[in-house]
Amino acid sequence: MDLSMIFDDLPSVIELMIVTFTPKVFYSMLIVIALLLGLSVVFFITEKRKVLFLIGLNILVGITLVIIFFSPKVYERSYTEAYGHHVANDNEQGLKDLAADKDLIIGFASGIDRVDKGGVKARLMHEFNSYTSENDLKWSALLVDGELRKYDFTEADRSVAFAKEHGMRFRGHALIWGKGKLVQLTEEAAVADDPGAYILEEIRYHIKTVVGRYKGQVDSWDVVNEPMALMAPGFESNVFYDHMGIDYIKEALKAAHEADPDAKLFINGYVGADEEILYDLFVELIEEGIPIHGYGMQGHVMNGPMDIEKMTSFLKRISDLGLEVEITEMDVRLRAMEGYKSDDIYESQGIFYGEVIKACMEIENFRGVTFWGVNDERTWYDSVPPYKWQKPSDPLLFDSNWNRKPSYYHIYDVLMNI
Ligand code: G3I
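First, a word on scope: everything that follows refers to the structure included in this document. In this text the structure is predicted, and so the values were computed from the model without any measurement.

### Points about the packing of helix α16 (residues 345–361) against helix α17 (residues 406–417)
Taken N-terminus to C-terminus, the directions of α16 and α17 make an angle of 30 degrees; their axes are 7 Å apart at the nearest point. One element, α16, and the other, α17, form an angle in the roughly parallel class. Read as a crossing pair, α16 and α17 show a hand that is right-handed. Note on element contacts: α17 touches α16 through Pro406, Ser407, His410, Ile411, Val414 and Leu415, opposite Tyr346, Glu347, Gln349, Gly350, Ile351, Tyr353, Gly354, Ile357, Lys358 and Met361. A class-by-class count of the residues in the contact of α16 with α17 yields nine nonpolar, five polar and two charged.

### What to know about the environment of Leu285
If you trace the backbone, Leu285 turns up in helix α14 (residues 275–287). Sequence-wise, Leu285 and Leu253 are 32 residues apart; in three dimensions their C-alpha atoms are separated by 9.6 Å. Each residue touching Leu285, except ones within four places of it in the same chain, is listed here: Lys250, Leu253, Ile267, Ile290 and Ile292.

### As for the site of the ligand
Around the ligand, the structure places 13 residues, and the nearest of them are Glu134, Asn135, Lys138, His173 and Glu329. With respect to the ligand, the side chain of Glu226 contributes an N or O atom lying 2.9 Å from a nitrogen atom. With the chains in place, 45% of the 790 Å² that the ligand exposes on its own is no longer accessible. Here the shell around the ligand is built from residues that sort into three nonpolar, five polar and five charged.

### Things to note about helix α9 (residues 154–165)
An ideal rise of 1.5 Å per residue puts 16 Å on twelve residues; α9 measures up with 16 Å between its terminal C-alpha atoms. Turning to α9, its buried residues number three or more, namely Ala156, Ser159, Val160, Phe162 and Ala163. Summarising the axial view, the buried residues of α9 lie within an arc of 155 degrees, below the 170-degree limit, and thus occupy one face. Among the exposed residues of α9, those pointing more than 90 degrees away from its buried face are Lys164 and Glu165. For α9, the secondary structure elements touched by its buried residues are β1 (105–110), α6 (112–115), α7 (118–127), β2 (130–133), α8 (139–142) and β3 (169–177). Phi for Gly167, located one or two positions after α9, is positive at around 65 degrees.

### Remarks on the pattern of salt bridges
Pairs may arise between side chains of opposite charge once their charged atoms sit close together. A complete count under the given rule lists 31 salt bridges for this structure. Between Asp394 and Arg77 there is a salt bridge; the shortest N-O distance is 3.0 Å. You can see Asp394 sitting in the loop between β9 (366–371) and α17 and its partner Arg77 sitting in the loop between α3 (48–69) and α4 (79–82), a full 317 residues away along the chain. With relative accessibility at 9%, the residue Asp394 sits in the buried group. With its nearest N and O atoms 2.6 Å apart, the salt bridge here joins Asp376 to Lys405. Placement of the pair is Asp376 in the loop between β9 and α17 and Lys405 in the loop between β9 and α17, with a sequence separation of 29 residues.

Rules and cut-offs
- Residues numbered from 1 in each chain as written.
- Predicted model: local features only at pLDDT ≥ 70, side-chain atom pairs only at ≥ 80, totals over all residues.
- Heavy atoms only, no water.
- Axes fitted to C-alpha atoms, helices over the stretch in contact; angles between N-to-C directions.
- Helix = DSSP H or I, 4+ residues; strand = E, 2+ residues; numbered from the N terminus.
- Parallel < 35°, antiparallel > 145°, perpendicular 65-115°, else oblique.
- Left-handed = near helix turned anticlockwise from the far one by under 90°.
- Contact = heavy atoms within 4.5 Å.
- Nonpolar A, V, L, I, M, F, W, Y, C, P; charged D, E, K, R; others polar.
- Near = heavy atom within 4 Å.
- Polar contact = N/O pair within 3.5 Å; in protein donor to acceptor, adjacent residues only side chain to side chain.
- Areas by Shrake-Rupley, 256 points an atom, 1.4 Å probe, with all protein chains shown as cover.
- Expected span 1.5 Å × (residues − 1).
- Buried < 20%, exposed > 50% of the residue type's maximum accessible area, 1.4 Å probe, protein only.
- Arc of directions from axis to C-beta.
- Salt bridge = Lys/Arg side-chain N within 4 Å of Asp/Glu carboxyl O.

As structure tokens, this is what we get:
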């Protein structure tokens, strides 16, 4: 076996572990790995019985860890009583009404199948003024059997029509995404004489087709999603960047502008180790006259309370460039909020949500926030490891029964009082 392969990949394995596990889990895992390595040394220098004993011990430690870290927890829900008297109910103003005075966007993301139903639709119309397609407009989701240039627009058409019919703004998510599972593009680029030229042609075709189809109906497009590497400073290595460098971003923006000159064009991402590089990218785009209107910061809070100051100071810098800023994919994992300014974890989650929105409202060109889901019944966290084992993630403003959670009320209060 070629050990260099493991070591070549080591940074990305560690990166994945840090991103995936909460710090507590991550460090505990490191301790256990160290323990197991230590025990394995003993394994080699002792006689047979001790070896069996140590193997048994290792298995026991492993099972205990799995039980501790990968099993669901149950938290008391006191909020239905505690907030029962609050002003908000279905006959009162929704979040979108409070936001209207401030010309603010309060949005949700979901698949069209989930939202286009009586009860759900009514709830959403009561609270939100913006809709983002969670997956239906992604390049790979639009393709039939993954075949480039062969599109099925059924779900995408329904999504755009839903927003129009219900008077909501529509956010198109997302045109170009390195993690977008475009197998054919990757394979063909690998054998193309000029991979950069080949990819550029496909980018232009895709954007012209999709943006052109919805011309005048999409308020904002996430033209490029997640261009930066998550942990290491720099752009993410992907099929676009590897063959075109940052030209893929510039060309995508130009193509989108050409296809719909009135649509607002966003780069969507997160603040990672690369704040300066991302900032410099925006400066470069502006200086070169490339059409760019805003930056969407995702806002998935998965591993503990984010540094709100760091998050908002970056948005402020982008806003100071004259661009719009939004939080485009906000959700706060409940278990990440243990002990945050309250003994009641649902309250902790609400406090954090309120603080983020309040801080954002102080930024001049802040346009609003989109929540990544509609209620806690379904969230992407519940389908990806390790979060799917570490329930509840309960990251949204409403629980599965559509009860308003403290998160809802903390945001409500911020909107009322600003
Ligand atoms: O629709 C198919 C279904 O037909 C099939 O049977 C099933 C089998 O796995 O897969 C279904 O598609 C899944 C899709 O979600 C719809 O549920 C995909 O496998 C799954 O990969 C996809 O995950 C989405 C993920 O992006 C990758 O595209 C999540 O729903 C979506 O919430 C997530 O959203 C991303 C943003 O786009 C970018 N920022 C991070 C955010 C969270 O990861």
